[in-house]
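Structural overview for review
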Amino acid sequence: MPTIVQFEAVSKTFETKQQTVTAIDGIDLSVEEGEIFGVIGYSGAGKSTLVRLVNGLERISAGRLLVDGQDVGRMRESELRKVRLGIGMIFQQFNLFQSRTVAGNVAYPLRVAGWKKPDRDRRVAELLDFVGLLNRAHDYPDQLSGGQKQRVGIARALATSPKLLLADESTSALDPETTQEVLRLLQKVNRELGVTIIVITHEMDVVRSIADRVAVLEHGKIVEQGAVFDVFSNPQTDTARRFISTVIRNQPSDNDLDRLQKAHTGRIVNVEIHESLRIGSILSHAFSDHGVQFEVVYGGIGAIQERSFGSLTLELDGPETSVDALIAQLGSVTTVEEVRA
Amino acid sequence: MSGIVHTVTTDWGQMFPLLVENLGLTLYMVVVTLIIGGLLGLVLGILLYTTRRGNILQNVVVFNVLNVVVNIVRPIPFIILIATLGPLTLAVVGTTIGSNAAIFAMIVGATFGIARIVEQNLVTIDPGTIEAARAAGAGPWRIIFTLLVPEALGPLILGYTFVFIAIVDMSAIAGVIGGRGLGDFAIQYGYARFNWEITFAVVVVIVVLVQLVQFLGNWLARKALRR
Ligand SMILES: Nc1ncnc2c1ncn2[C@@H]1O[C@H](COP(=O)(O)OP(=O)(O)OP(=O)(O)O)[C@@H](O)[C@H]1O
Ligand SMILES: [Mg+2]
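Residues numbered from 1 in each chain as written. Chains lettered and ligands numbered in written order. Predicted model: local features only at pLDDT ≥ 70, side-chain atom pairs only at ≥ 80, totals over all residues. Heavy atoms only, no water.

The next subject is the overall build of chain B. Helix and strand content of chain B: 9 helices and 0 strands. Taken from N to C terminus, the helices and strands of chain B fall in the order α-α-α-α-α-α-α-α-α. With the C-alpha coordinates of chain B rotated into their principal frame, the extents come out at 75 × 45 × 25 Å. Taken across its 227 residues, chain B has 47% of its residues classed as buried. About 11600 Å² of surface is accessible on chain B, with carbon and sulfur atoms providing 71% of the total. (Helix = DSSP H or I, 4+ residues; strand = E, 2+ residues; numbered from the N terminus. Buried < 20%, exposed > 50% of the residue type's maximum accessible area, 1.4 Å probe, protein only. Areas by Shrake-Rupley, 256 points an atom, 1.4 Å probe, with all protein chains shown as cover.)

This is how it looks when you write it as structure tokens:
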């Protein structure tokens, strides 16, 4: 897959009256054509700045930034305007033009691109149909719900058939149900139109729902990146672990452990679950093979990118050596961590 | 009808055409000022807003110069502004008295007043919409004309309605440099001759005029805001 966005040691600093703020600190990152790339981080991590560099709303301070093969860091503002015609952007607060109708909003980028009226009208109808708002074409944004506004935002961003869509916290102002609706639409944009999407978010659920790969941003640096499944199943940093725990609460916290220790007498182990593992068959023979009783005391299994993933906490009761043997057998197929002997 | 207030009986057959003529003069001065001052003020207000730090035409020097000039000119009471502008009026209009000299001073006063009103209305526009227009590839001039002005249109109409009344006020003062019009008429024929009827008639005409314009402004603003 060719690369569509490539950051090479990119930094961005802001000069304010009192100090210099380093919002992006030497980032290397590449986004492949056709993927949905998630960038997750806490408030102030530099997510918005990162995405605004891509379409030149902010200019890089150091490094090199290639977008669709063009060196946007070195372009003049007038050249950047042409590049922006090929990049769509959607926003947390939708940023629709209140003085224009739904159709007028969607037509705006087409006017900028110099489309003739009949072509514009046809394209606007096509886009509104795609986002399911054809019947609201003549309404004004303040007559729409949040989810509908974002769908207009998406239609507007896609007007000039961009190859790349930037979504900055595009679902953060929406309720969970509407969030899923907008995420499904973004997925449809990606799959049916082949648009590459960079999704900025502070919600792990958004990444889990639609992203192929993810980068974890902290203090302007990428602390972890990779396929979403890999980062989820094997996080390397505390930041990533904290984000993951917001969607899959599968490992008992210290409080949970205290409680479990009081309630159970056997040994307690965490067993990582992956889809293709046959943990069930091992456990179903635990008593006949080893003379060990087990109890599931904690855990959770969810899906990321259509693959199951999670962890179960088991209490194992039986003679010491038998329990050891069972743990060894489980350990031969997955990661087992003894929480308390 | 008789009483101590009626020291003069008014010859309306003679006064009415004069009232109409002076109303016409006032309207002429006000409309010309509103059009020219309105446009200049719009340009100045847009420049004040867009050259501010972080905005689409960011330019520290231009902003600071404009800002200082507006701050100096705007608070000058109109009657003093007329006197201050004397030499400039002479250079531009060729005379310092009469309706056209008055209009020149009114345009200057209105331009700076309107500039601030325009700037204040533009500030209320959500910066996010400007960001969306930039992201769509729009340049600064396109953003000004296809986004800033339409988005602020409702409040701008109300602002201009307010300015209309301020200009009527200025036009009354314009009498001092021979600008004539309703203000001058009220002073010359009403106040100076103790003819309260004339003064009262002028007041009624002005109140009706202002009400009509206010009504029109409200109606247009409502249409622009769709509320
Ligand atoms: N124009 C600016 N001038 C000065 N500092 C800025 C500017 N824009 C961003 N910053 C600083 O850069 C850092 C990163 O900001 P950014 O908006 O990219 O964070 P974010 O991850 O998007 O946060 P949030 O989740 O709250 O939107 C912050 O410390 C912020 O104060
Ligand atoms: Mg942000």
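This part is about the interface of chain A and chain B. Each partner contributes residues to the interface: chain A has 25 residues there, and chain B has 21 residues. Together chain A and chain B conceal approximately 1900 Å² of surface at their shared face, both sides included; 49% is due to carbon and sulfur atoms. Where chain A packs against chain B, one counts 2 salt bridges. Here A:Glu77 ties to B:Arg134 by a salt bridge, and the two come within 3.9 Å at their closest N and O atoms. For the interface between chain A and chain B, the tally reads 6 residue pairs in polar contact (both at pLDDT 80 or more). For the side of chain A that touches chain B, the elements supplying multiple residues, two or more each, are α2 (77-85), β6 (87-90) and α3 (102-112) of chain A. (Contact = heavy atoms within 4.5 Å. Buried area = accessible area lost by both parts, 1.4 Å probe. Salt bridge = Lys/Arg side-chain N within 4 Å of Asp/Glu carboxyl O. Polar contact = N/O pair within 3.5 Å; in protein donor to acceptor, adjacent residues only side chain to side chain.)

A few words now on the pairing of strand β7 (residues 164-168) of chain A. Residue and element names in this part refer to chain A. In terms of burial, β7 is a largely internal element, 5 of the 5 residues being buried. Burial along β7 is two-sided: Leu164, Leu166 and Asp168 and Leu165 and Ala167, pointing in opposite directions, are all buried. Bridging between β6 and β7 involves 4 bridges; their strand directions are parallel. Counted as the bridge partner of Gly88 is Leu165 from β7. (Pairing = 2+ DSSP bridges.)

Here the focus is the side chain of A:Arg120. Residue and element names in this part refer to chain A. Residue placement: Arg120 occurs in helix α4 (residues 117-130). Buried charge without a partner: Arg120 forms no salt bridge, and the closest opposite charge is Asp121, 5.3 Å away. Ignoring sequence-local partners within four residues, the contact set of Arg120 consists of Ala107, Leu110, Arg111 and Trp115. (Lys, Arg positive; Asp, Glu negative; His and termini not counted.)

Residue and element names in this part refer to chain A. What the domain assignment lists for chain A is domain 1 (3-245) and domain 2 (254-340). A separation of 41 Å is found between the C-alpha centroids of domain 1 and domain 2. For the pair domain 1 and domain 2, the summed buried area comes to about 760 Å², and 60% of that belongs to carbon and sulfur atoms. The three residues of domain 1 that bury the most area against domain 2 are Arg208, Phe229 and Ser233, which together make up 71% of that side's buried surface. Where domain 1 touches domain 2, the interface holds 0 salt bridges. Counting residues per element, the side of domain 1 that touches domain 2 draws most heavily on helix α8 (residues 228-233), at 4 residues. Broken down by class, the residue content of the side of domain 1 that touches domain 2 amounts to 4 nonpolar, 1 polar and 3 charged. (Domains from an automatic or database assignment. Nonpolar A, V, L, I, M, F, W, Y, C, P; charged D, E, K, R; others polar.)

We now examine the packing of helix α1 (residues 12-50) of chain B against helix α9 (residues 196-225) of chain B. Residues and elements named next belong to chain B. Two numbers describe how α1 lies on α9: the axes approach to 11 Å, and their chain directions differ by 40°. Between α1 and α9, the angle falls in the class oblique. Once α1 is placed against α9, the crossing between them reads as right-handed. The residues of α9 that touch α1, namely those facing Trp12, Met15, Leu19, Leu23 and Leu27, are Glu197, Ile198, Ala201, Val202, Val205 and Leu209. For the contact of α1 with α9, the per-class residue count stands at 10 nonpolar, no polar and 1 charged. (Axes fitted to C-alpha atoms, helices over the stretch in contact; angles between N-to-C directions. Parallel < 35°, antiparallel > 145°, perpendicular 65-115°, else oblique. Left-handed = near helix turned anticlockwise from the far one by under 90°.)

Residues and elements named next belong to chain A. Around ligand 1 sit 13 residues in total, of which Ser43, Gly44, Lys47, Ser48 and Thr49 are the nearest. For ligand 1, an oxygen atom lies 3.2 Å from a polar atom in the backbone of Ala45. In the model, an oxygen atom of ligand 1 is placed 2.8 Å from a nitrogen or oxygen of the Ser48 side chain. In isolation ligand 1 exposes 640 Å². Once the protein is present, 61% of that is buried. In terms of residue count, the dominant contributor to the shell around ligand 1 is helix α1 (residues 47-54) (3 residues). A breakdown of the residues in the shell around ligand 1 according to their chemical character gives 5 nonpolar, 6 polar and 2 charged. (Near = heavy atom within 4 Å.)

The next thing to look at is the packing of α3(A) against helix α5 (residues 146-157) of chain A. The description of two packed helices rests on the angle between their axes and on the distance between the axes. Residues and elements named next belong to chain A. The interhelical angle for the contact between α3 and α5, taken along N-to-C directions, is 30°, at an axis separation of 7 Å. When the axes of α3 and α5 are compared, the pair comes out roughly parallel. Considering the relative orientation of α3 and α5, their crossing is right-handed. Contacts from Val102, Asn105, Val106 and Pro109 in α3 reach Val152, Ala155 and Arg156 in α5. When its residues are assigned to classes, the contact of α3 with α5 shows 5 nonpolar, 1 polar and 1 charged.

Our next topic: helix α13 (residues 320-331) of chain A. Residue and element names in this part refer to chain A. Here α13 contains 12 residues, and its C-alpha end-to-end distance of 16 Å stays within 8% of the 16 Å for a straight helix at 1.5 Å per residue. Among the residues of α13, those classed as buried are Ser322, Val323, Leu326, Ile327 and Leu330. Along the axis of α13, the buried positions cluster into a sector of 140°, meaning they face one direction only. Exposed and facing more than 90 degrees away from the buried side of α13 are Glu320, Thr321 and Ala328. (Expected span 1.5 Å × (residues − 1). Arc of directions from axis to C-beta.)

All names here are of chain A. The strand order across the open sheet built from 4 strands is β2-β1-β4-β5, with neighbouring strands paired in antiparallel fashion. Two strands bound the open sheet, and with one partner strand each, they are β2 (20-32) and β5 (70-71). Relative to β5, strand β4 (residues 62-67) is paired through 2 bridges, and the arrangement is antiparallel. Across the sheet, Leu66 pairs through a bridge with Asp71, a residue of β5.

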